[in-house]
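What follows is each chain in one-letter form.
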Amino acid sequence: MRFWLIVAGTFAVTTAVLVFVGAPSPYLFAGVLAGGLCALSVRSPRKMPDTFRGVTLGIIGVQAGSMIDSSVVATLAAHPIVTLGSAMATLAVTLVFGQLLRISPHVRGSTATFASIAGGASGLTAMARELKADEATVVSVQYLRVLVVVLSVPVIAPLLGGGGTGSGITAGHDGYWSGLPFTVVSLLAGLALARVLTFTASKLMLPMLVALALTLLDVFPSHDVPVPILATGFASIGLMVGLDLTRDVLRKIATIMPLALVSLLLSLAACAGIGALMAHALGVSVFTGYLATTPGGLPAVTAFALEAGTDVGLIVTCQVLRLFLALAMGVAMAAYIKRRGSGPGSAN
């Protein structure tokens, strides 16, 4: 209990500071910082309980599913080849450049694969744990990408004609609790299904699919996940990441950091090129194309798009589409690795 009280206090202080300075996605990064500081400062850090982890994945899944409304579907239908092609190309280049991690003798093939898939970091991390891949490496590379994306967008935005930044959570919500019935039904139904259909990352995918169905069918008047619940989900994801960053883990990550940074920078450059091509094909701004194909940081990217007044529907369509494809790719690769018998002693 003492440890969790320290975590809560550190998180509260860190959140207050990040909100005060106007940092993007403050709850997510406050969780990372608070969890990391606590994990590094105590002798026996704790992990996030599995039950709470499952609920957190469900919240993130509901949020992702709620973002696919009729306008997003219309955007996808109007430009299917360009939107689908850009999402697949983004995944492909990040996966290819991510294989540079395999140069390190400390990284197996399955670890490099899950670390390099752009999108759905929380779900991919859960899959990595189930497949005995190096979860710490997957977590670190995935969220290093998110960190670089979030920090780089405010710098690149003025160069591409973009505007300011946002918090990543309150924009686009019509109230704190108007979407509570939708959120509760989606979350409970999705997690209940996950107890029956126990496949890899089911606690994220099934709430996402339930939320998607309810959103498209327009069952509830509001499909906004309440801000406090969404903040809790982002904070918990951050804490899960931060609590994994123990001293032993950081020493291990340090051995692959140069390769991870090279892989990440090459991926970002390639995705920016894909975004420029997409922007040219659709006749939209280069900044819109850049945000639509940025490999990670969906909440912050969405906030940037809302603040800049760009084509939010197109950006969210491409980002969420890539999220679905990334998770589907992860599930397919997980099944493939399991069939090959990949385990702790595998050389893959």
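Residues numbered from 1 in each chain as written. Predicted model: local features only at pLDDT ≥ 70, side-chain atom pairs only at ≥ 80, totals over all residues. Heavy atoms only, no water.

Quick notes on a nonpolar patch on the surface
Filter applied, for reference: What makes a patch is a set of residues exposed beyond 30% relative accessible area and free of salt bridges, joined within 9 Å when like-charged and within 5 Å when nonpolar (Val, Leu, Ile, Met, Phe, Trp, Tyr). We get accessible surface area from the Shrake-Rupley algorithm with a probe of 1.4 Å; when it comes to residues, only the shown protein chains can shield them. For salt bridges, the criterion is a side-chain nitrogen of Lys or Arg within 4 Å of an Asp or Glu carboxyl oxygen. The way it works is that DSSP assigns letters per residue, a run of H or I at least four long becomes a helix, a run of E at least two long becomes a strand, and they are numbered from the N terminus. Accessibility here uses a 1.4 Å probe with only protein chains present; expressed as a share of the type maximum, an area under 20% marks a residue as buried, one over 50% as exposed, and anything in between as partly exposed.
A grouping of V13, V17, F20 and V21 is seen on the molecular surface, where their side chains present a nonpolar patch of about 450 Å² in accessible area. Mapping V21 onto the fold places it in the loop between α1 (2–20) and α2 (26–41). Here V21 falls in the exposed class, since its relative accessible area comes to 56%.

Concerning the environment of G179
As a reminder, the rule being used: Residue contacts are defined here by distance: any two heavy atoms, one from each residue, within 4.5 Å place the two residues in contact.
With respect to the helices, strands and loops of the structure, G179 is situated in the loop between α8 (135–156) and α9 (180–196). As a C-alpha pair, G179 and F220 span 41 residues in sequence and 7.9 Å in three-dimensional space. Aside from chain neighbours lying at most four places away, what touches G179 is S222, D224 and P226.

Quick notes on the packing of helix α5 (residues 80–98) against helix α6 (residues 109–116)
Definition in use: The convention used is that axes are lines fitted to C-alpha atoms, helices contributing only their stretch in contact, and that angles between N-to-C directions extend from 0 to 180 degrees. Crossings are assigned a handedness: left-handed for a near helix turned anticlockwise from the far helix by less than a right angle, right-handed for a clockwise turn.
Orientation of α5 relative to α6, taken along the N-to-C sense of each, is 145°, at an axis distance of 8 Å. In this structure, α5 crosses over α6, and the sense of that crossing is right-handed. Contact with α5, carried on its side by T94, L95 and G98, involves A112, T113 and S116 of α6 and no other residues of that element.

Some details on the side chain of S104
Tracing the sequence through the fold places S104 in the loop between α5 and α6. Aside from chain neighbours lying at most four places away, what touches S104 is I256 and L259.

Overview of the packing of aromatic side chains
Heads up, the rule is: Centre distance within 6.5 Å is the pairing criterion for rings of Phe, Tyr and Trp, where only the six-membered ring of Trp is used; planes under 30 degrees apart are then read as stacked, over 60 as edge-to-face, and the remainder as tilted.
Summed over the entire model, instances satisfying the criterion amount to one aromatic pair. Note on F182 and F220: the rings are 6.3 Å apart at their centroids and 70° apart in plane angle, and the pair reads as edge-to-face. Residue F182 is located in helix α9, and its partner F220 is located in the loop between α10 (202–217) and α11 (227–244); the two are separated by 38 residues in the primary sequence. Residue class for F220 comes out buried when judged on its relative accessible area of 17%.

A closer look at the confidence of the model for the protein chain
This is how it is decided: The pLDDT value expresses, per residue, how confident the predictor is, ranging between 0 and 100.
With 78% of its residues at a pLDDT of at least 70, the protein chain reaches an overall mean of 77. When mean pLDDT is compared element by element in the protein chain, α9 scores highest at 92, while helix α7 (residues 121–130) scores lowest at 63. Note on residues 164–168: pLDDT is under 50 here. Beyond four places in sequence and across chains, it has 21 contacts. Low pLDDT, under 50, characterises residues 342–348; the predicted model gives this stretch 11 contacts beyond four residues in sequence or across chains.

Some details on the packing of helix α3 (residues 50–66) against α9
To keep things clear, this is the line we draw: Orientation is classified from the angle alone, with under 35 degrees giving roughly parallel, over 145 giving roughly antiparallel, 65 to 115 giving roughly perpendicular, and any other angle giving oblique. Basically, the charged four are Asp, Glu, Lys and Arg, the nonpolar ten are Ala, Val, Leu, Ile, Met, Phe, Trp, Tyr, Cys and Pro, and anything else, Gly included, counts as polar.
The geometry of α3 relative to α9 is characterised by a closest axis approach of 9 Å and an angle of 120° between their N-to-C directions. Our classification of the angle between α3 and α9 gives oblique. Our pair here, α3 against α9, has a crossing hand that is right-handed. Mapping the contact onto sequence places G54, V55, G58, I59, V62 and S66 in α3 and F182, T183, S186, L187 and L191 in α9. When its residues are assigned to classes, the contact of α3 with α9 shows six nonpolar, five polar and no charged.

Overview of α1
Counted only if it meets this: Here the expected span of a helix is defined as 1.5 Å times the quantity of residues minus one. An arc is given here, and it is the one of the directions from the helix axis to the C-beta atoms.
The end-to-end C-alpha distance of α1, which contains 19 residues, comes to 27 Å, matching closely the 27 Å that a straight helix rising 1.5 Å per residue would cover. For α1, the set of buried residues is F3, V7, F11, T14, T15 and L18. The buried residues of α1 occupy an angular sector of 105° when projected down its axis, which confines them to one face. Turned more than 90 degrees away from the buried face of α1, the exposed residues are R2, L5, V13 and F20. Here the buried face of α1 lies against α2 and α11.

Overview of the side chain of T14
Our working definition: For the purposes of these results, a polar contact is taken to be a pair of N or O atoms within 3.5 Å, where, inside protein, one atom must be able to donate a hydrogen and its partner to accept one; residues adjacent in sequence count only when each atom of the pair is a side-chain atom.
Along the chain, the position of T14 falls in helix α1. The exposure class of T14 is buried, given its relative accessible area of 12%. Only 2.7 Å separates the side chain of T14 from the backbone oxygen of T10, close enough to count as a polar contact.

Describing unusual backbone geometry
Residue D218 is not a glycine yet carries a positive backbone phi of 55°. By the element assignment, D218 lies in the loop between α10 and α11.

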